[in-house]
Amino acid sequence: MEQQTHGYADDKQAILRRLKRAEGQVRGIARMVDDDEYCIDILTQVSAATKALETVALQLLDDHLAHCVAEAARSGGAVADEKIREASQAIGRLVRS
């Protein structure tokens, strides 16, 4: 059986590096809270971690649109409609977060 490739396949290592960096930031935030650090300093780090995750989300969305949605649009029909609906919902979730 052929393994399906996802739109992020070419960027997988870069995405994993960004996620590991964000993971480290979140662990650092937990340490800051545990060490009773100043609220504003913690909020600054939360903002940085949030930005790092938003960057990953936007990269995944861009890759999804360029690969999965574009491929489905070329095929047309119900699959294309579904992929466009999924992408629209994902964009909505990102905008609301």
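The name given to the protein chain in an unreviewed UniProt entry is Metal-sensitive transcriptional regulator, with Agrococcus versicolor as the source organism. According to its UniProt record, the protein chain has this under Sequence similarities (unreviewed entry): "Belongs to the CsoR family."

The helix and strand inventory of the protein chain stands at three helices and zero strands. For a compact globule of 97 residues, the expected C-alpha radius of gyration is about 13 Å, and the protein chain comes in at 18 Å, more than 25% above that figure. Overall, the C-alpha framework of the protein chain stretches about 55 × 30 × 20 Å when taken along its three principal axes. When burial is assessed residue by residue, the protein chain has 20% of its 97 residues classed as buried. Across the protein chain, contacts joining residues at least 24 apart in sequence account for 55% of those joining residues at least 6 apart. Of the roughly 7,300 Å² that the protein chain leaves accessible, carbon and sulfur atoms contribute 55%. Of the side chains in the protein chain, 13 bear a positive and 16 a negative charge, and the two mean positions are spaced by 3 Å.

Counted by the stated rule, this structure contains three salt bridges. Close ionic contact of E23 with R27 constitutes a salt bridge, the shortest N to O distance being 3.5 Å. Placement of the pair is E23 and R27 together in helix α1 (residues 12–34), with a separation of four residues, close to one helical turn. You can call R27 partly exposed: its relative accessible area is 47%. K83 is paired through a salt bridge with E86; the nearest N and O atoms lie 3.8 Å apart. With K83 and E86 both in helix α3 (residues 77–96), this residue pair falls three residues apart, about one helical turn.

Calculation rules
- Residues numbered from 1 in each chain as written.
- Predicted model: local features only at pLDDT ≥ 70, side-chain atom pairs only at ≥ 80, totals over all residues.
- Heavy atoms only, no water.
- UniProt positions renumbered as here; feature names shortened; annotations may be inferred.
- Helix = DSSP H or I, 4+ residues; strand = E, 2+ residues; numbered from the N terminus.
- Rg over C-alpha atoms; globule rule 2.2 N^0.38 Å.
- Buried < 20%, exposed > 50% of the residue type's maximum accessible area, 1.4 Å probe, protein only.
- Contact = heavy atoms within 4.5 Å.
- Areas by Shrake-Rupley, 256 points an atom, 1.4 Å probe, with all protein chains shown as cover.
- Lys, Arg positive; Asp, Glu negative; His and termini not counted.
- Charge placed at Lys NZ, Arg CZ, Asp CG, Glu CD.
- Salt bridge = Lys/Arg side-chain N within 4 Å of Asp/Glu carboxyl O.

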